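Listed below are the residues making up each chain.
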Amino acid sequence: MILSWYRQNANDFGLVQATRLLARVVWRRACVNLSNALFRSRVECPCCGWRGNRFLDYIEMAACPRCDSHSRHRALFLWLQRSYRIDTKTGTALLFAPETALAPLWQTARDLQTCRIDVESRRAVEVLADIMHLPFSSDVATLIWCHHVLEQVSDDRLALRELHRVLMRDTGQLIVSAGQSGHSSTREFGRSEKALSGNRRSYGTDFNARLNEAGFAVQQLNYNLSADERRRYSVMDEPFYLCVKN
Ligand SMILES: [Zn+2]
């Protein structure tokens, strides 16, 4: 993983910058490994069960050394498991850019047929498809899972209309989040920003208005975690939404 990350950085930012970043990563990783070897466990990853003193903090904040879950993955894992009770769900779920750390949890939903979708073959997916032009009939999905995808899509309004089309009327649920700042309005970059993970925009607090515009009724959710759990799993609150078709 580190090698492909280094190659990508060398490609995006040049060899000098990539090598500087790599040196920082190696150093940070050595420090974290030492802490985990010497000091008592304080944190825990619910996705894979790893426990230790510190998560890795060199590429993304607080990555699990075993399964590479990040803060958001661990929070969503706990919410899916405890609040949403994913193991009780039935029907068809479309999972966009499926998170590796959540894979074991989807397997607990034995009556839910999942379809993993991405625009590129880097992840293990069943369907290679562009979210703006989906190869599915209308009203087929009981659940659509789509996190941190829309900020990278060239026409997010078109993507949202596609999600609205394929979601089952009345009972279907879209659970969605995207990179949001505290600004009131969405900032469009006009291109894919390499330094911002390829994002084309940064949503503001008007993100749910954009969901409404596509025809969804929107309810903001929260992870339902105590302060102690947020520390133990090293998660931060981040808005995410449950949408149904109007
Ligand atoms: Zn883990």
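See the structure shown above.
Residues numbered from 1 in each chain as written. Predicted model: local features only at pLDDT ≥ 70, side-chain atom pairs only at ≥ 80, totals over all residues. Heavy atoms only, no water.

### Regarding the coordination of the zinc ion
Listed as protein donors to the zinc ion are Cys 45 (SG), Cys 48 (SG), Cys 64 (SG) and Cys 67 (SG); their distances from the metal cover 2.3 to 2.4 Å. We note that the donor set of the zinc ion lies within a single chain, spaced as C-x2-C-x15-C-x2-C. Residue Cys 48 is located in the loop between strand E1 (43-44) and strand E2 (51-52), and its partner Cys 64 is located in the loop between E2 and helix H3 (71-83); the two are separated by 16 residues in the primary sequence. We classify Cys 48 as partly exposed; its relative accessible area is 25%. Among the residues examined, Cys 64 registers a relative accessible area of 2% and is labelled buried. (Donors = N, O, S within 2.8 Å, 3.2 Å for Na, K, Ca; no water. Helix = DSSP H or I, 4+ residues; strand = E, 2+ residues; numbered from the N terminus. Buried < 20%, exposed > 50% of the residue type's maximum accessible area, 1.4 Å probe, protein only.)

### Thoughts on the sheet that holds strand E4 (residues 112-118)
The seven strands are arranged E5-E4-E3-E6-E7-E11-E10 in an open sheet whose pairing can be described as mixed. Of all the strands in the sheet, just strand E5 (127-128) and strand E10 (216-221) have a single pairing partner and so form its edges. In this structure, strand E6 (residues 143-147) lies alongside strand E7 (residues 173-177), joined through five bridges in parallel fashion. Paired with Cys 146 across the bridge in E7 is Val 176. (Pairing = 2+ DSSP bridges.)

Function-wise, these values are silent; they only describe arrangement.
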